Amino acid sequence: MEKAIYLEIDLCSGCGACAVACMDQNDIFPEKGQSALRRIYQIEEGEFPSASIQYVSAACLHCQDSPCVIGCPTGAISKSNRTGAVIVEKELCIGCHSCSLACPFGVPRYDLDEKMQKCNLCMERVEASLEPACVRVCPMNALKFESVNKVQREKELKFAGNIVNAVHKTAGHTTK
Amino acid sequence: MKDVQKLVRGKVPGPTTSIEVRKSICTICDPLTQCGLDLYVKDGKIIKLEGSKENPSNSGTLCVKGAANRQYIYNEDRIRTPLKRTGPRGSGKFEPISWDEALNTIADKFNEIKKQNGPESVAFFSGYTKYFRPYLKRLAHSFGSPNYLSESSTCANAMAMSQKLVFGLPGGPDLKNTNCLMVWSGNPFYTKPGTARAIIKGQERGMKLIVVDPRQTPTTARADLHLPVRPGTDGALALAMANVIINEKLYDQDFVANYSYGFEDYREYVQQFTPEKGEELTGVPSDQIIQAARMYASVKPAAILPSASAIVHHTNGVQNYRAVFSLAGLTGNYDIVGGNLSVPQSFAHAPGLIPTKEEEFRQSRPWSEMVPRIGTDRFPVWVEMIDEEAQAMHLPDQIRSGEPYPLKALIGFGMNYRMWPDSMDLLESLDKLELFVNVDLFMTDTCKYADIVLPACSSVERSELRCYPMGYIIFTQPAIQPLYNSRSDVDIIYELADRLGLNDPLFQAGYEASVDWILEPSGITVAELKKHPGGMFVPNPMKLREKKYLNGGFKTPSGKMEFKSKVLEKYEGKFGFKALPVYTPPKYSRESTPELAQEYPFILNTGSRLPMFIHTRTFRLTWTMSLRPNHPAADISPVDAARLGLKQDDIIRISTPKDAIVVKANLTQMVQPGVIHMYHGHPEANVNLLLEGDYLDPLSGFPGFKSTLCKVEKI
């Protein structure tokens, strides 16, 4: 697995651009009864004016050890070696919903043909060196498509920078 | 699956799939955004789109509305051909007619009215978007009518007016260089992602962020200080901050002594607005008022980020915003780098770092050669401060009264009657017109009242000029041909100019020749722009200078920054306007009308933005609608909901003495207890019906959309 989609949760404003870009990419039309593959949640705790309001853009996490792959009785779900995407072969899916029982995140949805449908990491785009549609559109750059561990490394680096700044400040000078 | 099939399924552009990427821009919201679009076109049809990476406005991203463009462009409500009404107004019964018949009918009628009543009896109105406005205004004036009007009668103009009364020229926040940004009051995370990105960048380099907002939003979540003001009390909050800044001597004494007018009276006036009084009036704790005042006054440079309409949508809006902008003068933050810098506009309300002849182009006939605009007697400050247009809120009264002259015909481009408070009154007044034409993409309820309806095309089907604040410019080319029998607004305007027989050399020379004429001082030509379909940086961007008032003073009557307005002073007697930025509570409020508040205990705030909507422009799209599935729904605090026994999505009636609407209850901690937020313009729940037609700020004519009183009942 080379790259994965990361959500920097503090940057997400819950606007839904990723959900719409996903529907545009995958020709999903809610008026036909089709389900979005990427969805937005607003989680509120506490009370105004000091409530904590967080937003989450959620879709398939393309787990390394995917319970849905193991749970699928027909082998319709597999994990791509090249992209790391967990993908469904519709021809093999029998619509038994085993994957939805196996998935701890509530990801699998069933299309009008009763077959499982979910994010495929925009695999064709990724193989053509393009970003997934949701990542490309994200106006806050909260969604990132990065090499595994790179996002963490950057976060760590930023944290390290903050430590240095804090130390300098207590010593009476600041870095910019 | 074969590789080619896979690439087609993944919509990967290239010769293998015959998917071509073409350039355009999004104009669903407007202006200063106009994100670049990469349109994936196959067999002449757009199959997908994304943001252009080269356009500095969006750098490859899009907002939720822009991402939904495909459903906007290919919407089934698109008008397919010019139409002539055959049934009663509003019935939606039309018959198709040719463009020739439509345009000739309109031109003949306009010329007949001009002959019988004078050209002023024909009015020209612009809704969204804004790219065609200079041409439409020119059409009105070349025809001889002073009555060019627009939706800016409820957006941006009053904010500009507030700033002009204080400084002469408005100043926008210098986001790149400011060390303290005071957002008053807006949420760019929903409305202007570019600004939101600039805020994040600013914070990364240590910029302080103060946000005044009656809601909790993604912007307030990032703030060092969030002042959760009660809607309509912003003036009191600003005056209380001034009280702290003055009494703690945090103000810019050099600026105040040398470049301001009326400070002593202002200083005396703000004494009553102690932080404690401020808390009582606004609901913001006094210690937060003190902290905000100290932070804004002492971190240099500091800038105020205003919003186009949130503050001026109050019956006391202009005075409230004057009080806010006075803080920029008080602290010496006006027209400095990192403060509120005055930047000249280049085209269609946007600065572009190039000189143009737009103003000269649109004002093809001077005001002095035309009769006064409608509403001149009622809104004299508007006429004095807003050079571009007439106040459209006066339209129903004007049509009905026929004074001082009758209005006989109206052509609207994207006119939406629900923009007016007491919307039915405007709609019914249109019945008195001899001819009402509406140009639109979609068969709207307003179109159904028109005698003739003309189909306009979307931004990706036309050619338009846009300038960007970072010195970028684009003249788009159609990515696809206009759908059905639609045309661009500009083509319609130039066709009309021709058929009206106007003796106007630039209309006669044509659209692109006009653009060349407008751009002439910049040295940029249409031919050059066409070589850059995705836009280009302007070759010689203007250098922005600060403190332009040092040469020639402020463009105010006193030549100074005015704490006390010499313009408003003139109207004290006849209109009762106050020269100081005085605070009066909203016309209907606990303070002004306590008896009314007994029966109608909630503050009704309409139109505060949701991420997926900009006015009504994305209501038709199932992609955006799916993100707010309970629409129309009013946002209500769970605290209030518990008191009223309301659960999520319960049906409620929101009423004022004027009218009532029925919507769902959307429970969220984003809103404060006691305030109901209802999005505007919904066909089945038009919240503007709850307001009286004259619930206006007498200074600007702006409706008090964001604070009136209402009650809520579960039904």
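Note that this is a predicted model, so its numbers are computed, not measured. Starting from 1, residues in each chain are numbered consecutively following that chain's sequence as written. Just so you know, chain letters begin at A and ligand numbers begin at 1, following the order they were written in. Where totals are concerned, whole chains, interfaces and linings use all residues; where local detail is concerned, this predicted model gives features only for residues with pLDDT of at least 70, and gives and counts side-chain atom pairs only at 80 or more. Each side-chain value is derived from all of the structure's non-hydrogen atoms; neither hydrogens nor water enter the calculation.

1. Some remarks on the overall build of chain B
- Regarding its fold elements, chain B presents 28 helices and 27 strands.
- The C-alpha atoms of chain B give a radius of gyration of 25 Å, which matches the 27 Å a tight globule of 715 residues would have.
- Considered along the principal axes of its C-alpha atoms, chain B spans approximately 70 × 60 × 60 Å.
- Residue burial is assigned from relative accessible area. The probe radius is 1.4 Å, only protein chains are included, and a residue is buried under 20% of its type maximum, exposed over 50%, and partly exposed in between. In chain B, which comprises 715 residues, the share counted as buried stands at 64%.
- Residue pairs at least 24 apart in sequence account for 73% of intrachain contacts in chain B once pairs closer than 6 positions are excluded.
- Computed with a 1.4 Å probe, the accessible areas rest on the Shrake-Rupley method; for each residue, only the protein chains presented here act as cover. If you sum the accessible surface of chain B, you get close to 24,500 Å²; carbon and sulfur atoms cover 50% of it.
- A residue counts as positive if it is Lys or Arg and as negative if it is Asp or Glu; His and the chain ends are not included. Throughout, a charge is located at the NZ atom of Lys, the CZ atom of Arg, the CG atom of Asp or the CD atom of Glu. Looking at chain B, you have 82 positive and 79 negative side-chain charges, and the mean spots of the two groups are 4 Å apart. A run of DSSP states H or I qualifies as a helix once it reaches four residues; a run of E qualifies as a strand once it reaches two. Both are numbered from the N-terminal end. Throughout, the radius of gyration refers to the C-alpha atoms, and the reference size of a globule is 2.2 Å times the residue count to the power 0.38. Contacts are assigned to residue pairs with any non-hydrogen atoms lying within 4.5 Å of each other.

2. Observations regarding the overall build of chain A
- Along its length, chain A carries 6 helices and 8 strands.
- Going residue by residue from the N terminus, the α and β elements of chain A occur as β-α-β-β-α-β-β-α-β-β-α-α-β-α.
- Along the first, second and third principal axes, the C-alpha set of chain A runs to 65 × 40 × 30 Å.
- With 176 residues in all, chain A has 43% of them scored as buried.

3. Some words on the packing of aromatic side chains
Residue and element names in this part refer to chain B.
- We call Phe, Tyr and Trp rings a pair once their centres come within 6.5 Å, taking the six-membered ring for Trp, and we label the pair stacked below 30 degrees between planes, edge-to-face above 60, and tilted otherwise. Under the counting rule described, the total for this entry stands at 39 aromatic pairs over all chains.
- Considering the side-chain rings of Tyr472 and Phe537, the 4.9 Å spacing of their centres and the 75 degrees angle between planes classify their relative orientation as edge-to-face. With Tyr472 in strand β19 (residues 472-475) and Phe537 in strand β20 (residues 536-537), this residue pair connects regions lying 65 residues apart in the sequence.
- Overall, the relative accessible area of 2% leaves Tyr472 in the buried class.
- Two limits define a charge over a ring: the Lys NZ or Arg CZ must be within 6 Å of the ring centre, and within 35 degrees of the ring normal. A cation over an aromatic ring shows up here: Arg373 above the ring of Trp367, its NZ or CZ 3.9 Å from the ring centre.
- Residue placement shows Lys587 over the ring face of Tyr588; its charged tip is 5.8 Å from the ring centre.

4. Description of the environment of Thr105 of chain B
All names here are of chain B.
- Its location among the elements puts Thr105 in helix α4 (residues 99-117).
- Sequence spacing of Thr105 and Tyr549 is 444 residues, and the spatial spacing of their C-alpha atoms is 51 Å.
- Here a polar contact means two N or O atoms within 3.5 Å. Within protein one must be a hydrogen donor candidate and the other an acceptor candidate, and residues neighboring in sequence count only if both atoms are side-chain atoms. A distance of 2.5 Å separates a polar atom in the side chain of Thr105 from the backbone oxygen of Glu101.

5. Looking at the domain arrangement of chain A
All names here are of chain A.
- On domain assignment, one finds that chain A holds domain 1 (1-59 + 122-147) and domain 2 (60-118).
- Distance between the C-alpha centres of domain 1 and domain 2: 19 Å.
- Between domain 1 and domain 2, the residue contacts involve 16 residues of the former and 19 residues of the latter.
- The term buried area means the drop in 1.4 Å probe accessible area that two parts suffer when joined, counted for both and summed. For the pair domain 1 and domain 2, the summed buried surface comes to about 1,300 Å²; carbon and sulfur atoms form 54% of the total.
- Salt bridges, as used here, are contacts in which a Lys or Arg side-chain nitrogen is within 4 Å of a carboxyl oxygen on Asp or Glu. At the junction of domain 1 and domain 2, the tally comes to 1 salt bridge.
- In this structure, Arg82 and Glu127 form a salt bridge, with 3.2 Å as the shortest nitrogen-oxygen distance.
- For the pair domain 1 and domain 2, the number of links is 2 residue pairs in polar contact (both at pLDDT 80 or more).
- Those elements that place two or more of their residues in the side of domain 1 that touches domain 2 are β2 (39-45) and α4 (123-127).
- Counting residues per element, the side of domain 1 that touches domain 2 draws most heavily on α4, which supplies 3 residues.
- Amino acids are sorted into nonpolar (Ala, Val, Leu, Ile, Met, Phe, Trp, Tyr, Cys and Pro), charged (Asp, Glu, Lys and Arg) and polar (every other residue, Gly among them). Its residues assigned to classes, the side of domain 1 that touches domain 2 shows 8 nonpolar, 3 polar and 5 charged. For the domain bounds, the source is a domain assignment made automatically or taken from a database.

6. A closer look at the pairing of strand β3 (residues 45-51) of chain B
Residue and element names in this part refer to chain B.
- Counting buried residues along β3, 6 of its 7 residues qualify, which places the element largely inside the surrounding structure.
- Two strands qualify as a pair provided DSSP detects at least 2 bridges between them. Here strand β2 (residues 36-42) runs beside β3; their pairing, made up of 6 bridges, is antiparallel. When the sheet's bridge partners are listed, Lys42 is paired in β3 with Lys45.
- Hairpin connection, β2 to β3: the antiparallel pair is bridged by 2 residues, and Asp43 has positive phi, about 50 degrees.

7. Things to note about the packing of helix α13 (residues 275-282) of chain B against helix α14 (residues 286-298) of chain B
Residue and element names in this part refer to chain B.
- Here the axes come from fitting lines to C-alpha atoms, over the contacting stretch only for helices, and the angles between their N-to-C directions go from 0 to 180 degrees. Two elements in contact, α13 and α14, have axes separated by 8 Å at closest approach and are oriented at 115 degrees. The angle between α13 and α14 places the two elements in the roughly perpendicular class. In the packing of α13 onto α14, the handedness of the crossing is right-handed. Across the interface between the two elements, Pro275, Glu276, Gly278, Glu279 and Thr282 of α13 pack against Ser286, Ile289 and Ile290 of α14.
- Counted by class, the contact of α13 with α14 contains 3 nonpolar, 3 polar and 2 charged residues. What sets the label is the angle itself: under 35 degrees gives roughly parallel, over 145 gives roughly antiparallel, 65 to 115 gives roughly perpendicular, and the rest give oblique. A crossing counts as left-handed when the near helix is turned anticlockwise from the far one by less than a right angle, and as right-handed when that turn is clockwise.

8. Remarks on the interface of chain A and chain B
- With 45 residues of chain A in contact, the opposing surface of chain B contributes 50 residues.
- Summed over both partners, the interface of chain A with chain B comes to about 3,600 Å²; 56% of that surface belongs to carbon and sulfur atoms.
- Considering only the surface of chain A that becomes buried against chain B, Asp24, Phe48 and Arg136 of chain A emerge as the three largest contributors, covering 22% of it.
- Across the contact surface, chain A and chain B share 10 salt bridges.
- Residues Arg70 of chain B and Asp24 of chain A are paired through a salt bridge, measuring 2.5 Å at the closest nitrogen-oxygen approach.
- For the interface between chain A and chain B, the tally reads 24 residue pairs in polar contact (both at pLDDT 80 or more).
- Among the elements that make up the side of chain A that touches chain B, the one with the highest residue count is helix α1 (residues 17-26) of chain A (7 residues).

9. A short note on the sheet that holds strand β11 (residues 225-227) of chain B
Residues and elements named next belong to chain B.
- Taken together, 4 strands build an open sheet; the order of strands is β11-β10-β9-β13 and the sheet is parallel. Edge strands, defined here as strands with exactly one partner in the open sheet, are β11 and β13 (302-306). Each adjacent strand pair in this sheet contributes to an overall mean axis angle of 15 degrees, direction not counted.
- In this structure, strand β9 (residues 180-184) lies alongside strand β10 (residues 208-212), joined through 5 bridges in parallel fashion. Counterpart to Trp184 in the pairing with β10 is Val212.
- In this fold α14 packs onto β9, β10, β11 and β13, with an angle of close to 125 degrees to the strand it touches most, β11.

10. Let's talk about the nonpolar core
- Side-chain atoms within 4.5 Å are what join buried Ala, Val, Leu, Ile, Met, Phe, Trp, Tyr and Cys residues into a set we call a nonpolar core. Counting residues in each nonpolar core, the largest one holds 99 residues, and the members touching the most others are Trp184, Tyr266, Tyr296, Leu327 and Leu330 of chain B.
- No other element matches helix α10 (residues 234-247) of chain B, which puts 10 residues into this core.

11. Observations regarding the pattern of salt bridges
All names here are of chain B.
- As enumerated under the stated definition, the model contains 64 salt bridges over all chains in all.
- Across the pair Glu280 and Lys277 runs a salt bridge, and its minimum N-O distance is 3.5 Å. Here Glu280 pairs with Lys277, and both are found in helix α13, just 3 residues apart, close to one helical turn.
- One salt bridge in this structure joins Arg643 and Asp640, with 2.9 Å as the shortest N-O distance. Note that Arg643 and Asp640 are positioned in helix α28 (residues 638-644) at a spacing of 3 residues, about one turn of the helix.
- Taking relative accessible area as the criterion, Asp640 reaches 3% and is therefore assigned buried.

12. A word on the sheet that holds β19 of chain B
All names here are of chain B.
- If you walk across this open sheet you meet the 3 strands as β18-β19-β20, and the pairing is antiparallel. Each having just a single partner strand, β18 (465-468) and β20 make up the two edges of the open sheet.
- Pairing of β19 with β20 involves 2 bridges; the strand directions are antiparallel. When the sheet's bridge partners are listed, Tyr472 is paired in β20 with Phe537.
- With respect to the sheet, helix α22 (residues 511-519) is in contact with β18 and β19, its orientation differing from that of β19 by roughly 165 degrees.

13. Describing a nonpolar patch on the surface
- On the surface, a cluster of nonpolar side chains totalling about 300 Å² of accessible area is made up of Phe159, Ile163 and Val167 of chain A.
- Note that Ile163 of chain A resides in helix α6 (residues 150-170). Like charges are joined within 9 Å and nonpolar side chains (Val, Leu, Ile, Met, Phe, Trp, Tyr) within 5 Å, but only among residues with over 30% relative accessible area and no salt bridge; these make up the patches.

14. Here's the deal with the pairing of strand β8 (residues 143-147) of chain A
Residues and elements named next belong to chain A.
- By the criterion of burial, β8 is predominantly enclosed, with 4 of the 5 residues buried.
- Where strand β1 (residues 3-7) and β8 come together, 5 bridges link them in antiparallel fashion. Across the sheet, the residue bridging to Leu7 is Leu143, located in β8.

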